[in-house]
Amino acid sequence: MTIVTHTFNTSVDITYTVPEFLLGEVHRPTETIKNAGGKGINVSKVLAQLGADLQAFAYLGGANGRWIADQLEGLDITVSAVTIEGETRQCLAINDGQHQTEVLEKGPVISQEAQAKYIEQLMAHTHPEVMTISGSSPQFEGATALEHLREVLSTAQAQYTILDTRADDLKTALDSGLPIHCIKPNEDEFAQLVGEHPDTEKNFYRLMKTHTSLKDVDVFLTLGARGAIIKLDNHIYRATVPTIQAVNAVGSGDSTVAGIAFGRTHFKQQPEQLIRHALACGMSNALQKETGKINIAQVEHFATQIQVEMV
């Protein structure tokens, strides 16, 4: 299996469009969008659209879990899902046209039995070329999030693993010496990870090269409209992106992760092409109303417009 994705904390993502949203007032959305979500699910959806050889792993529970499974089946995404006793969470977003307010449930408790079954299913698959682990962790009975992550990594033994999670969990994983090969922080997450907020681009470059947490780790630092700074195989690249008018930026980071994973299997010896393609996936997602959705023609177009140079 070429690419494997993991979503430990799946969700039903509901976005309400509410013009002139006011706290404490009654609102009726002008539009409601419901998506199968969780960051790893978004990665899976984009990889499927890119035509990747893909196997998704996830915990699913209750009516929400069954709904997500049905949605993914409709997208021809193969999922090894472990059924849990609790209900898969819901995450709400209220978009007023200028700001997005999010309410994120923390997720169910994953029993020790469900954890064992998850590892058992993972053992049945060959070691993947690329593996992504995305999003927050739910509560694990009898184990910490780090312990669960360690067992998944040791079982899968992927050639290249991308971890995209909260900054504190990311730092813990890296400082514990787990076999993480690539991370994709945004600017705030990077600052939390290294313990300072760089005031110049040269300081970003320096920290990527010298910070102990980032030793031998590829870093894909996304800066929104300012593009990205990337460390691949200990080379630093600066990427500049064209200006777009985003429709919904939620899921753009996940789409970028999907682009990195896809690029590792298709542009491994072409780092500039990998960077352009990954960022183009994120940009295309920002122009869609749904999360985890891209337009292939847009991706191909944006990839020609993104400037990448080694610094």
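Just above sits the structure.
Residues numbered from 1 in each chain as written. Predicted model: local features only at pLDDT ≥ 70, side-chain atom pairs only at ≥ 80, totals over all residues. Heavy atoms only, no water.

A.B. asks: What exactly am I supposed to notice about unusual backbone geometry here?
C.D. replies: For residues other than glycine, phi is negative in most cases, and the peptide bonds are mostly trans. Within the chain, D76 stands out as a residue other than glycine whose phi angle is a positive 60 degrees. Along the chain, the position of D76 falls in the loop between α2 (62-74) and β5 (79-84). Residue Q157 is not a glycine yet carries a positive backbone phi of 50 degrees. Judged by its relative accessible area of 48%, Q157 falls in the partly exposed class. (Helix = DSSP H or I, 4+ residues; strand = E, 2+ residues; numbered from the N terminus. Buried < 20%, exposed > 50% of the residue type's maximum accessible area, 1.4 Å probe, protein only.)

A.B. asks: Any chance you could explain the side chain of Q115 here in plain terms?
C.D. replies: Mapped onto the elements, Q115 comes out in helix α3 (residues 112-123). Given the relative accessible area of 10%, Q115 is considered buried. In this structure the side chain of Q115 is engaged in a polar contact, spanning 3.0 Å, whose partner is the backbone oxygen of E141. The residues touching Q115, leaving out its near neighbours within four places in the chain, are Y59, I110, F140, E141, A143 and H148. (Polar contact = N/O pair within 3.5 Å; in protein donor to acceptor, adjacent residues only side chain to side chain. Contact = heavy atoms within 4.5 Å.)

A.B. asks: Could you clarify how one ought to interpret the sheet that holds strand β4 (residues 54-61) in this entry?
C.D. replies: Hydrogen bonds between backbone groups are what pair the strands of a sheet, and the pairing can be parallel or antiparallel. Judged by pairing direction, the sheet is mixed, and its ten strands sit side by side in the order β5-β4-β1-β9-β11-β12-β13-β14-β15-β16 without closing on themselves. In this open sheet, the two strands that pair with only one neighbour each are β5 and β16 (307-310). In the sheet, β4 pairs with β5 via six bridges, with the strands oriented parallel. Residue pairing for β5: A56 is matched across the bridge by V79. (Pairing = 2+ DSSP bridges.)

A.B. asks: Explanation requested: the layout of surface pockets in the structure shown.
C.D. replies: Rolled over the atoms, a probe with the dimensions of a water molecule shows which regions are left empty. For the second largest pocket, the calculated volume is near 330 Å³. Around the second largest pocket, the lining comprises 18 residues; the ones closest to its centre are N95, G97, Q100, V247 and N248. Within the residue set of the lining of the second largest pocket, elements represented by two or more residues are β2 (11-17) and β3 (31-37). Looking at the lining of the second largest pocket, its residues break down into seven nonpolar, eight polar and three charged. (1 Å grid on protein atoms, 1.4 Å probe; cavity = no way out; pocket = protein on both sides within 12 Å on 5 of 7 lines; lining within 4 Å. Points joined across faces, edges and corners; volume = space filled by probe spheres on them. Nonpolar A, V, L, I, M, F, W, Y, C, P; charged D, E, K, R; others polar.)

A.B. asks: When you look at the packing of aromatic side chains in this model, what are you seeing that I'm missing?
C.D. replies: Any pair of aromatic rings gets described here by the distance separating the centres and the angle formed by the planes. Enumeration over the complete set of coordinates arrives at seven aromatic pairs. Each ring, one from F57 and one from Y118, has its centre 6.1 Å from the other, and the planes form 55 degrees; the classification is tilted. In this pair, F57 sits in strand β4 while Y118 sits in helix α3, placing the two residues 61 residues apart along the sequence. Their ring planes at 25 degrees and their centres at 4.4 Å tell us that Y59 and Y118 sit as a pair that is stacked. Here Y59 is found in strand β4, whereas its partner Y118 is found in helix α3, with 59 residues between them in sequence. According to the relative accessible area criterion, Y59 is buried, its value standing at 1%. Every member of this aromatic cluster is reached through a ring pair, and the members are F8, F57, Y59, Y118 and F140. Residue placement shows K34 over the ring face of W67; its charged tip is 4.7 Å from the ring centre. (Phe/Tyr/Trp six-rings, centres within 6.5 Å; stacked < 30°, edge-to-face > 60°. Lys NZ or Arg CZ within 6 Å of the ring centre and 35° of its normal.)

A.B. asks: I'm lost on the pairing of strand β9 (residues 130-134) in this one. Help?
C.D. replies: In the case of a regular strand, side chains alternate between the two sheet surfaces. Of all five residues in β9, five are buried, a share of seventy percent or more. Here β9 shows two buried faces, one formed by V130, T132 and S134 and the other by M131 and I133. Judged from the four bridges that link them, strand β1 (residues 3-7) and β9 form a sheet pairing that is parallel. The residue bridging T5 from the neighbouring strand is T132, located in β9. Two elements, β9 and strand β11 (residues 160-164), share five bridges in a ladder whose sense is parallel.

A.B. asks: Any chance you could explain the nonpolar core here in plain terms?
C.D. replies: In globular proteins that are soluble, nonpolar side chains generally tend to be buried together. Core analysis: the biggest nonpolar cluster contains 46 residues, and L47 and I275 have the highest contact counts within it. At seven residues, helix α9 (residues 271-286) tops the list of elements feeding residues into this core. Once you skip the residues sitting within four places of it in the chain, L47 turns out to touch I3, T5, A52, L54, A258, A261 and F262. In this structure, L153, A156, A158 and L207 belong to the second largest nonpolar core, which totals 40 residues. (Core = buried A, V, L, I, M, F, W, Y, C linked by side-chain atoms within 4.5 Å.)

A.B. asks: Just checking my understanding: could you explain helix α6 (residues 187-194) for this structure?
C.D. replies: An α-helix turns once every 3.6 residues. As a result, residues three or four positions apart point the same way. Turning to α6, its buried residues number three or more, namely E187, F190, A191, L193 and V194. Around the axis of α6, the buried residues are gathered within 160 degrees of arc, so they sit on the same side. Looking at α6, the residues exposed on the side facing more than 90 degrees away from the buried face are D188 and Q192. Where α6 is buried, its residues meet α5 (167-175), β12 (182-183), α7 (201-210) and β13 (218-222). Structurally, the start of α6 carries an N-cap: the backbone nitrogen of D188 is 3.2 Å from a side-chain oxygen of N186. Positive phi shows up at G195, right after α6, with a value of about 80 degrees. (Arc of directions from axis to C-beta.)

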